[in-house]
Amino acid sequence: MIDFGPAASTLADTYVGEDAVLTYARSQAARTGVQAIGPSGGACLRLLAAAVGAKAVAEIGTGTGVSGLYLLRGMRTDGILTTVDPEPIRQEFAREAYLAGGFAVNRARLIPGRALDVLPRLADGQYDLVFCDGDPAESMSYLAESLRLLRPGGVVCFEGVFQQGRLTDPGLDDPRTRAVRELVQEVRESTRLLPVLLPVSDGLLCAVKR
């Protein structure tokens, strides 16, 4: 039998490997208290961006640029990443990481602010991929905005849906956990989405918009 436990997770995280730029961005995340997506989850984002030939990607939660680097490395060379975060200092770290990774300034549009204030200003149906790594309590609102932003055949991804074990803990019923549970159920049952829940990082929920 194949073991899909911790050893398999470790193998997935070390399979691709991370260079000095990603290591720097990840160290900045740790220093500022940001939970960055794991290497295996980042590799999935890179693969998905490449698979859909992403030219326009929206990201909720810039962090210090770890996920953005993976997305940019999978996108088309003329693609633009639009990334939103309420903390401008984090976005400065991300900007440094993108430049260190060899990406021109115009490849990333960094917008400071609360996601649900910024997203309504983005154009309908113009995005190939939306990556959500913001406030779990706002997950359902992120899903609604993502479906509006995505073109048919576009992909939405949510990081951290396992909530470090809280998702399946019957003793927990706080607003954040309830919101993520509602999200997981809605994505699974929606006729507009083709979903998959990947056991990478802290749970990566992805779906294609039909």
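Residues numbered from 1 in each chain as written. Predicted model: local features only at pLDDT ≥ 70, side-chain atom pairs only at ≥ 80, totals over all residues. Heavy atoms only, no water.

Student: Whenever I open this one, the overall build of the protein chain confuses me. Can you help?
Tutor: The helix and strand tally for the protein chain stands at 8 helices and 7 strands. Its C-alpha radius of gyration of 16 Å places the protein chain within 12% of the 17 Å reference for a compact globule of 210 residues. Taken along its principal axes, the extent of the C-alpha atoms in the protein chain is 45 × 40 × 30 Å. The buried share of the protein chain, reckoned over its 210 residues, is 48%. Taking all contacts inside the protein chain whose residues are at least 6 apart in sequence as the whole, residues at least 24 apart take part in 68%. Accessible surface computed for the protein chain: about 10,100 Å², of which carbon and sulfur atoms make up 57%. Here the protein chain contributes 22 positive and 25 negative side-chain charges, whose respective centroids are spaced 5 Å apart. (Helix = DSSP H or I, 4+ residues; strand = E, 2+ residues; numbered from the N terminus. Rg over C-alpha atoms; globule rule 2.2 N^0.38 Å. Buried < 20%, exposed > 50% of the residue type's maximum accessible area, 1.4 Å probe, protein only. Contact = heavy atoms within 4.5 Å. Areas by Shrake-Rupley, 256 points an atom, 1.4 Å probe, with all protein chains shown as cover. Lys, Arg positive; Asp, Glu negative; His and termini not counted. Charge placed at Lys NZ, Arg CZ, Asp CG, Glu CD.)

Student: Before we go on, may I ask you to explain the pattern of salt bridges in this structure?
Tutor: When the charged atoms of two side chains lie near each other, side chains of opposite charge can form a pair. Here the structure, examined in full by the defined rule, presents 13 salt bridges. Residue Asp19 is joined to Arg73 by a salt bridge in which the shortest nitrogen-to-oxygen separation is 2.8 Å. With a gap of 54 residues between them, Asp19 in the loop between helix 1 (6-15) and helix 2 (20-32) and Arg73 in helix 4 (residues 66-74) connect regions that are remote in the sequence. Given the relative accessible area of 34%, Asp19 is considered partly exposed. (Salt bridge = Lys/Arg side-chain N within 4 Å of Asp/Glu carboxyl O.)

Student: Looking at this structure, how should I read unusual backbone geometry?
Tutor: Note: most peptide bonds trans; most residues except glycine with negative phi. One non-glycine residue, Gln163, lies in positive phi territory at about 55 degrees. Position of Gln163 among the secondary structure elements: in the loop between strand 5 (150-159) and helix 8 (175-189). You can call Gln163 buried: its relative accessible area is 7%. Non-glycine residue Gln164 carries a positive phi angle of around 50 degrees. Here Gln164 lies in the loop between strand 5 and helix 8.

Student: How should the sheet that holds strand 7 (residues 204-209) be read in this particular structure?
Tutor: The pairing of strands in a sheet comes from backbone hydrogen bonds and takes either a parallel or an antiparallel form. Taken together, the 7 strands give an open sheet; going across it, the order is 3-2-1-4-5-7-6, and neighbouring strands pair in mixed fashion. Every other strand in the sheet has two partners, leaving strand 3 (108-112) and strand 6 (193-198) as the edge strands with one partner each. Each neighbouring strand pair of the sheet contributes to a mean axis angle of 15 degrees, computed without reference to strand direction. Summarising the sheet, strand 5 and strand 7 pair through 5 bridges and their orientation is antiparallel. Paired with Phe158 across the strands is Leu205, a residue of strand 7. (Pairing = 2+ DSSP bridges. Axes fitted to C-alpha atoms, helices over the stretch in contact; angles between N-to-C directions.)

Student: Looking at this structure, how should I read helix 2?
Tutor: Since the α-helix packs 3.6 residues into each turn, any two residues three or four apart lie on the same face. Between its terminal C-alpha atoms helix 2 stretches 18 Å, which fits the 18 Å expected from 13 residues at 1.5 Å a residue. Here the buried face of helix 2 lies against helix 4 and helix 5 (88-100). At the N-terminal boundary of helix 2, the capping side chain belongs to Asp19, with an oxygen 3.2 Å from the backbone nitrogen of Val21. One or two residues past the end of helix 2 sits Gly33, with phi positive at roughly 80 degrees. (Expected span 1.5 Å × (residues − 1). Polar contact = N/O pair within 3.5 Å; in protein donor to acceptor, adjacent residues only side chain to side chain.)

By themselves, these observations are geometric and do not establish any function.
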